[in-house]
Amino acid sequence: MSTIATVRDTEMISARVAVRRRSVTRPLLYGALVLCALLTMLPFVWVISGSLRSLDEIRSDPGAWLPAHATLGNFTRLFATEGFGGYLVNSIVVAIIVVAGNIVAASAAGYALAKLDFAGKRLAFGAVMAAMMVPFTAVFVTQFVITVDMGLADTLAGIALPGVAMPMSVFIMRQYAMSIPGELLEAARIDGAGEFRIFFRIFLPLAGPAVATITIMSFLASWNNFIWPLIVAQSMSSYTLPVGLAATSQAASHVTDYGLLLAGAIVVMLPVLVLFLFLQRYFVQGVAGTGMR
Amino acid sequence: MTTTVARRPRGSRRTGVAWLFLAPFAIVFLLYTAVPTVAALGFSLTDLRGTDLRDPFAVDFTGLENYLRLFQDESFLRDILNTALFVVVGVPLTMGIGFALAFALNTGIRRLRGVFRVVFFAPVVTNIVAVALIWQYAFNAGGTVNKVLGAVGFAGPNWLDDPNLAMPVVILLGIWRNFGTAMVLFLAGLQAVPQDVYEAAALDGAGRWRQLRNITLPLLLPTTLMVSVLLTVFYLQVFDEPYLLTNGGPLGSTESVALYTYHQFGSGALGTSSAASFVMLVLVMLVSVVQFRLLRPRA
Amino acid sequence: MSNLSRRGALRLTAGIALSLTLSLAGCGRSDDAAATGTAKPIDASPATGAINVWAAQGDADVLDKVIEPFKAANPDVTVKFTLIPNAEYYTKLQSAIAAGKGPDVAQFFPESQAQFLDPSILQPVPDGLVEPGGFFKSLWDAGVAKNVAYTVPWYAYTYALVYRSDLAEKAGAKAPATWDGMVPFLKALQGAGAGHGLGADIGWDVFNGQDVAMYAWQAGGSLLSSDGKWTLDTPAMADALKYNASFFTSGVADPSGPTFLDSQPYFVDGKTAAMITGPWVIGQLDAAAKKPGWTASHVATAPLPAGPSGGTSFSAGGSWGVLATSGNAAASWKLVRYLSQPGTQVAQYKAYSSLPAVMSAWEDPAIKGQPLLGAFLTQLTNTRTFPQVSTWQQVATRLGKEMEAVAKGKGTAEQAAASVQAYAESLGTGTR
């Protein structure tokens, strides 16, 4: 596939490629990206603006871009909501369980499906794909019955368990693993390393981008999950954040407190964005950095 | 002198270990997917209502009646078409935008990558209820979109009230929400392409577009397959966007199969709801199998 | 280690599916065991133990405070409230019932609770717990199935005509008493300066279906015959659909607006001059107008105009039931009894503006002194319950969607009625 270049040649190539890239199209590209970014952000302007307006102001002029009288009232009311701290803690605990489970369990399954040869492999992969396609509405009642029978109703474990090895995570890891060359792993095997050692010490460090993707996706799924935690909880002390906010967001009968809703939307969004920011460098790590022989 | 001992090949089959790796997933799968799915199949063959579950064997077995009724219901058939439209238009657009952005951020520019990544991923992360509210307001007859159009001389229609225009708006919301996911997945996939491959190709004189076509895209096939399948599976079950924007209207032009199922469940019709879910499941499976065939990496 | 061959896997799956199917085929619903109509009467001793209450977020937000006197009089009881988001309330309740793990007391909505009225789900209301005649009749009836009462009404609402009294005065128009007067009245309001006479409900869902059902009653039709057959394809239903559509075809209402956020601002600004809505708006219009006292000088209410067969409306609100699985039925019923006492009903009104389901509570000065509520009281005494069958919600939703087609001129009323009838027949009545 590729001719093997000497180290010096490679350096020269990089320099030349770099020069070629510094072309006129770059500013245009930046411009296009900025435009896209602005368009993407447009709805957020409203969400942020709305969260800083009082409910009365929203009702009397819903379409305005900027608040006439910016106020932090929605946020103070949000944080003062009875039980808010508890909802937040619940969401965090559930998310940690789910993410940990996905990083280990789903990665392991995806790795096995991609890199190991074994009996029943096709069946297992078919099961993963099928699991991804089963609609939630078809299964959640039975899932709840099972949860109750296991004694996990109204517990955070009960909320977290179904999401602890998401088929999507398995799928993502499998696809990514397929593009990692097998020679490294074979070499380790020949050297006598056990399978678990290979997985944890050699494969996982290489799989940075996939692990980062799985982390953010499973965190997102868990953090924004609404119906399932609502059903599993038997008392408000087990509510996660989205459920708790929905259960306290009406100002008066038959009226939704839009200001509170929008403030809640922002608060719920922030941890995921922070996590995403934190995971940024793992997205750019790659096989490139491993010094392939 | 060497003796050749007939040995069992050290075997590339590591079945025991492999299933150990699979064990946690397998347990969760059995408990929370396999059993409930089989149960749901059973429900769909009865006239079960939500209240019968505590004594499920005391309901009437109705065979395929639920399914027959579904396929005789015009609105269900229409909903399948709606969902198909959403997928056929939404998936390629979402993938295209996601890939373009991932490629631009990966190779096109150097600075501010992190910022752009966060900005483009933000829609994935937002609370759909809040965003749908905003969207509804923007596409109102007197909303922002029409105000902007009015400024350049167009009289904007009432988007969400026109059976022909509501779906495009719903699709637009879906694309806006999800292109960030596609971008992130493609970004991860692009990382797996080693740098020296590009460099060697450049050494051979290949231009940027050649590199893209002959190196990047082929190597990206597993990722492309994954994004395509994930998005399709996701979009076939689309619920939030039509529910929150238009609740399936106007005149049912945006109602998806998932929304139909939800309405059935809310009325306690568990048998019908399960049947509709199964139809959706079968559709999803069929489409996925097709995709796997089409996008299979040629060795 | 034997491979699970593909054929073997298929055989296994087929086997499971077959045995499951066979076992299901062997069953069927047994004939009803008649529900015992009476339960042990509840005495006057203090309640003890724990009571778990589930309620939809909204009117129940204030319950903890409203029952302070109850908690004081029953020191040995702990009442725990769990508030559940409105839109998912029934979903959560049904899942809990399915899994056998629910609360002691649960809130219900009279207009949609038929699916729960069964002894396997709810305990029958004990004899003598409450005085059925003290409630608005349709609210009490909404909890009765096969002559057994399962729920006790809590709060009530119905729809009435809420309109701009200043515009009506300007136009010299009076609230319409019959159907024929409705469109002219709204046109007059429009003439006096409103953009549209009516700000109609354009959700085209189950709420519209309920409206049409109510108009069908007013036109002399019924929805379900006494022997349990759907009677939706009738001239009365067609008249109801045409009447509702006339708001749009005559131009006094816009089939695409105003939407949720706008309905009150539009009313306040005069873009619309009337709404067919519930009593909650009365307390909210001042805020929308940003002027205290605006409502008193600009708004009037009237019962809905009568059709050929009268001005019957539907009743809605909240109700309470005690689940069959409850381990503390005695205390639970005592709480329900407390919530239905006139004093508590008034306290609930003062805390949240929930209108009482108990008729005598309306005599309280707090309510009697609010002139705009008079129309709702009049209307509440002239209400009926929707068909007490579990498929009503689905049928009503379908009716709402058909109404949209008629309102927008995409179908005739007769076609819509026939279509709903066919749909309802295919669903049946879900009775066991």
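The written sequence of each chain sets the order in which its residues are numbered from 1. Going through the entries in the order they are written, you letter the chains from A and number the ligands from 1. Local features in a predicted model are, by the rule used here, given only for residues with pLDDT of at least 70; side-chain atom pairs are given and counted only at 80 or more, and totals for whole chains, interfaces and linings are based on all residues. Calculated side-chain values reflect all of the structure's heavy atoms, with hydrogen atoms and water omitted.

**What about the overall build of chain C?**
- Numbering of helices and strands runs from the N terminus, with a helix taken as a DSSP run of H or I at least four residues long and a strand as a DSSP run of E at least two residues long. Helix and strand counts for chain C come out as 18 helices and 13 strands.
- Taken over 432 residues, chain C has a buried fraction of 57%.
- A fraction of 79% describes how many contacts in chain C between residues 6 or more apart in sequence connect residues 24 or more apart.
- Per-residue and other accessible areas were derived by the Shrake-Rupley procedure at a 1.4 Å probe size, with only the shown protein chains allowed to occlude residues. In the structure as shown, chain C presents an accessible area of about 16700 Å², 54% of it carried by carbon and sulfur atoms. Only protein chains enter the accessibility calculation, which uses a 1.4 Å probe; a residue whose area is less than 20% of its type maximum is buried, one above 50% is exposed, and one in between is partly exposed. By definition, residues are in contact when any of their heavy atoms lie within 4.5 Å.

**Digging into the overall build of chain B**
- Counting its regular elements, chain B contains 13 helices and zero strands.
- Shown N-terminal to C-terminal, the secondary structure of chain B runs as helices and strands in the order α-α-α-α-α-α-α-α-α-α-α-α-α.
- A buried classification covers 59% of the 299 residues belonging to chain B.
- Long-range pairs, those at least 24 residues apart, make up 70% of the contacts in chain B between residues at least 6 apart in sequence.

**What to know about the pattern of salt bridges**
- Salt bridges are defined as contacts in which a side-chain nitrogen from Lys or Arg sits within 4 Å of a carboxyl oxygen from Asp or Glu. This structure, assessed with the given rule, holds 17 salt bridges over all chains.
- With a closest N to O distance of 3.2 Å, Asp161 of chain B and Lys408 of chain C form a salt bridge. Pair noted here: Asp161 of chain B is in the loop between helix H6 (144–151) and helix H7 (166–191) and Lys408 of chain C is in the loop between helix H17 (392–407) and helix H18 (413–427), and the two residues belong to different chains.
- Notably, a salt bridge pairs Asp240 of chain B with Arg177 of chain B, separated by 3.8 Å at the nearest N-O pair. Taken as a pair, Asp240 of chain B in helix H11 (residues 240–245) and Arg177 of chain B in helix H7 lie far apart in primary sequence, 63 residues in all.
- Assessed through its relative accessible area of 29%, Asp240 of chain B is described here as partly exposed.

**Topic: the sheet that holds strand S12 (residues 355–356) of chain C**
Residue and element names in this part refer to chain C.
- Strand pairing is defined by DSSP finding a minimum of two bridges between the two strands. What the six strands build is an open sheet, ordered S2-S1-S3-S11-S6-S12; its pairing is mixed. A strand with exactly one partner marks an edge of an open sheet, and here the two such strands are strand S2 (77–84) and S12.
- Of the strand pairs in this sheet, strand S1 (residues 49–56) and S2 are connected by eight bridges, and their pairing is parallel. Paired with Ile51 across the two strands is Val79, which belongs to S2.

**Re the packing of helix H2 (residues 25–51) of chain A against helix H3 (residues 74–108) of chain B**
- Where H2 of chain A meets H3 of chain B, the axes come as close as 12 Å, and the angle between the chain directions of the two elements is 140°. Classed by the angle they form, the pair H2 of chain A and H3 of chain B counts as oblique. In the packing of H2 of chain A onto H3 of chain B, the handedness of the crossing is left-handed. In this structure, H2 of chain A contributes Arg26, Leu29 and Leu33 of chain A to the contact, and H3 of chain B contributes Leu101, Ala104, Leu105 and Gly108 of chain B.
- Polar here means any residue other than Ala, Val, Leu, Ile, Met, Phe, Trp, Tyr, Cys and Pro, which are nonpolar, and Asp, Glu, Lys and Arg, which are charged; Gly is therefore polar. Its residues assigned to classes, the contact of H2 of chain A with H3 of chain B comprises five nonpolar, one polar and one charged. For every element, the axis is a line fit to its C-alpha atoms; helices are fit only across the contacting stretch, and the angle between N-to-C directions ranges from 0 to 180 degrees. For this classification, under 35 degrees means roughly parallel, over 145 means roughly antiparallel, 65 to 115 means roughly perpendicular, and everything else is oblique. By convention, the crossing between two helices is left-handed when the near helix turns anticlockwise from the far helix through less than a right angle, and right-handed when the turn is clockwise.

**Concerning the interface of chain B and chain A**
- Between chain B and chain A, the contact holds 88 residues from the first and 97 residues from the second.
- Between chain B and chain A the total buried area reaches about 8600 Å² when both faces are included, carbon and sulfur atoms providing 77% of it.
- Of all residues in chain B, Phe21, Phe25 and Tyr32 of chain B give up the largest surface area on contact with chain A, accounting jointly for 10% of the area buried on that side.
- Taken together, the links from chain B to chain A amount to zero salt bridges.
- Definition of a polar contact: a pair of N or O atoms within 3.5 Å, with one able to donate and the other able to accept a hydrogen when the atoms are protein atoms, and with sequence-neighbouring residues admitted only if both atoms are side-chain atoms. Applying the counting criterion to the chain B and chain A interface returns seven residue pairs in polar contact (both at pLDDT 80 or more).
- A total of 20 residues in the side of chain B that touches chain A trace back to one element, the largest contributor, which is helix H1 (residues 15–44) of chain B.
- Across the side of chain B that touches chain A, the residue classes break down as 61 nonpolar, 18 polar and nine charged. Here the quantity called buried area is the total loss of accessible area, with a 1.4 Å probe, experienced by two parts when brought into contact, counted for both.

**A few points about the confidence of the model for chain B**
- Within chain B, residue pLDDT values average 82, and 89% of them lie at 70 or more.
- This stretch, residues 6–10 of chain B, has a pLDDT under 50; its non-local contacts, to residues over four places away or in other chains, come to one contact. pLDDT gives the predictor's per-residue confidence on a scale running from 0 to 100.

**Let's talk about the packing of helix H6 (residues 121–133) of chain A against helix H10 (residues 221–236) of chain B**
- It is at 9 Å that the axes of H6 of chain A and H10 of chain B come closest, and there the two elements cross at 35°. Contact residues: Met129, Met132 and Met133 of chain A in H6 of chain A; Val229, Leu230 and Val233 of chain B in H10 of chain B.
- A per-class count over the contact of H6 of chain A with H10 of chain B returns six nonpolar, no polar and no charged.

**Remarks on the pairing of strand S11 (residues 316–322) of chain C**
Residues and elements named next belong to chain C.
- Within S11, seven of the seven residues are buried, which leaves it mostly tucked inside the rest of the structure.
- Going residue by residue along S11, you find Ala316, Gly318, Trp320 and Val322 tucked away on one face and Gly317, Ser319 and Gly321 tucked away on the opposite face as well.
- Two strands pair when backbone bridges link them, and strand S3 (residues 105–108) and S11 are joined in this way by four bridges, in the antiparallel orientation. What sits directly across from Val105, in S11, is Val322.
- Bridge count between strand S6 (residues 152–157) and S11: five bridges; the pairing is antiparallel. Across the sheet, residue Ala156 finds its bridge partner in S11, namely Gly317.

**A look at the sheet that holds strand S9 (residues 299–302) of chain C**
Residues and elements named next belong to chain C.
- Pairing is antiparallel in the open sheet, where three strands are placed in the order S8-S7-S9. Every other strand in the sheet has two partners, leaving strand S8 (274–277) and S9 as the edge strands with one partner each. In this sheet, neighbouring strand axes are inclined to one another by 25° on average, regardless of whether the strands run parallel or antiparallel.
- Here strand S7 (residues 160–164) pairs with S9 via four bridges, running antiparallel. Bridge assignment links Leu161 to a residue of S9, and that residue is Ala302.
- Where helix H7 (residues 179–191) meets the sheet, its contacts fall on S7 and S8, and the angle it forms with S7 comes to roughly 25°.

**A word on the nonpolar core**
- In plain words, nonpolar cores are sets of buried Ala, Val, Leu, Ile, Met, Phe, Trp, Tyr and Cys residues tied together by side-chain atoms within 4.5 Å. Core analysis: the largest hydrophobic core is formed by 300 residues, its most contacted members being Phe120 of chain B together with Phe247 of chain C.
- A per-element tally of this core places H7 of chain B first, with 15 residues.
- Apart from residues lying up to four places away in sequence, Phe120 of chain B is in contact with Leu33, Cys36, Ala37 and Thr40 of chain A together with Leu101, Leu105, Phe179, Gly180 and Met183 of chain B.
- In terms of nonpolar packing, the next biggest core, distinct from the first, is built from 19 residues, Ala160 of chain A, Ala39 and Phe43 of chain B together with Ala99 of chain C among them.

**So, H18 of chain C**
- One less than the number of residues in a helix, times 1.5 Å, gives the span that helix is expected to have. Relative to the 21 Å expected for 15 residues at 1.5 Å per residue, H18 of chain C spans 21 Å between its end C-alpha atoms, a close match to the ideal helical length.
- Two residues or fewer past H18 of chain C, Gly428 of chain C is found with a positive phi of approximately 75°.

**Description of the packing of aromatic side chains**
- For Phe, Tyr and Trp, rings pair up if their centres lie within 6.5 Å, where Trp contributes its six-membered ring, and each pair is then called stacked (planes under 30 degrees apart), edge-to-face (over 60) or tilted (otherwise). With the rule as written, the count across this model stands at 56 aromatic pairs over all chains.
- Considering the side-chain rings of Phe386 of chain C and Trp392 of chain C, the 5.1 Å spacing of their centres and the 25° angle between planes classify their relative orientation as stacked.
- Residue Phe386 of chain C is classed as buried on the basis of its relative accessible area, which comes to 5%.
- Grouped by ring-pair contacts, the aromatic residues Tyr111, Phe196, Phe199, Phe200 and Phe203 of chain A together with Phe21 of chain B constitute a single cluster.
- Its end group placed over the ring of Tyr423 of chain C, Arg398 of chain C keeps NZ or CZ at 4.5 Å from the ring centre. Think of it as a cone above the ring: NZ of Lys or CZ of Arg counts as a charge over the ring if it is within 6 Å of the ring centre and within 35 degrees of the ring normal.

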